[in-house]
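Residues per chain, in single letters:
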Amino acid sequence: MKRVLSVASETVPLIKTGGLADVVGALPEALAGQGWQMRVMLPAYRGLLAKLGKTKVVWEDAALFGGPARLHLGKHGAMEVMALQADHLFDRDGGPYSGPHGDYWDNAERFAALCWAAAMVARDGAGDWRPDVVHAHDWQGGLAPAYLRYAGAAVPSVITIHNMAFQGRVGPEKLGALRLPREAFHRDGFEFWGDISTLKAGLTTADAITTVSPRYAEELMRGEYGQGLEGVIAARSGVVMGILNGIDETLWDPENDPDCKPFSASKIAGKSHARKALLDEFHLDKKLSGPLAILVSRLTAQKGIDLIPAAVEELVAAGGGLALLGSGDHWAEEMVRDLALRYPGRVGVHIGYNENLSHRMFAGGDAILVPSRFEPCGLTQLYGLRYGCVPLVAAVGGLADTVIGATPASLAAKAATGVVFHPVDALALRQATRRLCSLYADRKTWAAMVKRGMKTELGWGASAASYAALYDRLLAQ
């Protein structure tokens, strides 16, 4: 079986802050059926080794970016994990990237160490295992392809952009600390407006670049989405491709979800029970005549949270309501709290995140709002489709790739699965919410959309085949 090393900062179920972890955690099992053995390399954050149980040390470095390091090989379920223990870098209170006082000052060195270890394992092997391909993720993995290239290692690499907004940018004074060659510090290398960008390092050195949806791959060549790196993507367009994310259809399965009564496209009654329970949980009016919308999101401008009041006005006018789960920027949290005060019984807010609650929300919601200004792929709209929670999404990135908007043509063709709006502003969202409420009032049309969405293929099969084909092409070059 061919071997690929996945280099990432997080993976479910071991450590998660966002959708990156879902993708990294799903790929190993999905690729196994395509003839590829994937091992995931990630930092051994505090407590992570205990989750792996018995491990074997397969690689060591006495001085890895300031201290000793050991690479532990273990398993979590069927997933093979290589956990990099470097306590001077990773044994800390807080999350993967920040502690009680904000981002860690040495994040660049922390993830450079992960990438260095990955490159050395790819070049020299770890025990009797050596990958045929290295697959890096986002800025945290961006230096892995760079280290391979600068070392002259003949191992092909891929980097996946999950979100171009995060670029691993640090000052040039860290050149030595990051073990980067000064001669590559220029506009065609990893230099970015006078700084080092670890994401750009990966984009300029990897043999292939992928994004998590086809539309996002195209959008990244435009200034409004490329975050200053659109020229790099355009210059390397011949090796850029979009591969749509899937979801874990075992974990997200309304027929076997412990957080709700079972229901399916053909036996939908359990969804009504979940709706009533959700109304109770968020202290909302039990006799809503309009749609119960949900929003499960980081509360930031990127996610279009500032546009939500326009949608709420339309929902309330149509007899509907909103249940919201999320956390983020202070202004956004205050804004949604104010909406709950302004519309008692119609808007309920839970600040924070709770995985089980999110499952109950998808099960009980009639619709999910995803008004993102940009969205590389998005997973919540996919969970919505799976649970009969009709998506209302902006026409960007993976949202546009996965939801078929309700238009006269798509409704006549019996193809619509949601509501799509553009441009991403308050007026367009208001108009889209009005359309959503009108569709909800047409019970026959709404039921057909719900059923259609629930039958949509959302798993990893096709995407895993695309990744495997990409790896095979790199090996053949």
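What you see is a predicted model; the values in this text were computed from it and never measured.

Thresholds applied
Residues numbered from 1 in each chain as written. Predicted model: local features only at pLDDT ≥ 70, side-chain atom pairs only at ≥ 80, totals over all residues. Heavy atoms only, no water. Salt bridge = Lys/Arg side-chain N within 4 Å of Asp/Glu carboxyl O. Helix = DSSP H or I, 4+ residues; strand = E, 2+ residues; numbered from the N terminus. Buried < 20%, exposed > 50% of the residue type's maximum accessible area, 1.4 Å probe, protein only. Axes fitted to C-alpha atoms, helices over the stretch in contact; angles between N-to-C directions. Parallel < 35°, antiparallel > 145°, perpendicular 65-115°, else oblique. Contact = heavy atoms within 4.5 Å. Nonpolar A, V, L, I, M, F, W, Y, C, P; charged D, E, K, R; others polar. Pairing = 2+ DSSP bridges. Expected span 1.5 Å × (residues − 1).

Caption draft 1: Representation of the pattern of salt bridges in the model. If you walk through the whole model with that rule in mind, you get 24 salt bridges. For E314, the salt bridge identified is with R434, shortest N-O distance 2.9 Å. With E314 in helix 12 (residues 308–317) and R434 in helix 18 (residues 426–441), this pair connects stretches of sequence that are 120 residues apart.

Caption draft 2: Inspection of unusual backbone geometry at higher detail. Geometrically, the link from V12 to P13 is a cis peptide bond, its omega value of 0 degrees lying close to zero. As for its position among the elements, P13 is in the loop between strand 1 (2–7) and helix 1 (19–32). Each neighbour pair has its own omega, and for H422 with P423 the value is 0 degrees, a cis peptide bond. Among the structural elements, P423 can be located in the loop between strand 20 (419–421) and helix 18. Residue Q227 is not a glycine yet carries a positive backbone phi of 55 degrees. Structurally, Q227 is set in the loop between helix 9 (223–226) and helix 10 (230–235). Relative accessible area serves as the criterion here: at 32%, Q227 is assigned to the partly exposed category. Even without a glycine there, the phi angle at H283 is positive, about 55 degrees. Here H283 shows up in the loop between helix 11 (269–281) and strand 15 (292–299). Using a relative accessible area of 68% as the deciding quantity, one classes H283 as exposed.

Caption draft 3: View of the packing of helix 18 against helix 19 (residues 443–454). Two elements in contact, helix 18 and helix 19, have axes separated by 5 Å at closest approach and are oriented at 105 degrees. Comparing their axes, helix 19 and helix 18 come out roughly perpendicular. Packed against helix 18, whose contacting residues are L436, L439, Y440 and A441, the element helix 19 presents R443, T445, W446 and M449 at the interface. Broken down by class, the residue content of the contact of helix 18 with helix 19 amounts to 6 nonpolar, 1 polar and 1 charged.

Caption draft 4: Spotlight on the sheet that holds strand 11 (residues 191–192). Spatially, 10-12-11 is the arrangement adopted by the 3 strands of the open sheet, whose pairing is antiparallel. The two strands at the open ends of the sheet, each matched to only one other strand, are strand 10 (169–170) and strand 11. Judged from the 2 bridges that link them, strand 10 and strand 12 (residues 195–197) form a sheet pairing that is antiparallel. Its bridge partner lying in strand 12, R169 is registered against S197. Of the strands in this sheet, strand 11 and strand 12 are in contact with helix 7 (residues 198–205), which crosses strand 12 at around 60 degrees.

Caption draft 5: Region of interest: helix 4 (residues 107–124). Its 18 residues place the ends of helix 4 26 Å apart at the C-alpha level, agreeing with the 26 Å of an ideal helix rising 1.5 Å per residue. Counted residue by residue, helix 4 has 16 buried out of 18 residues, so it is predominantly covered.

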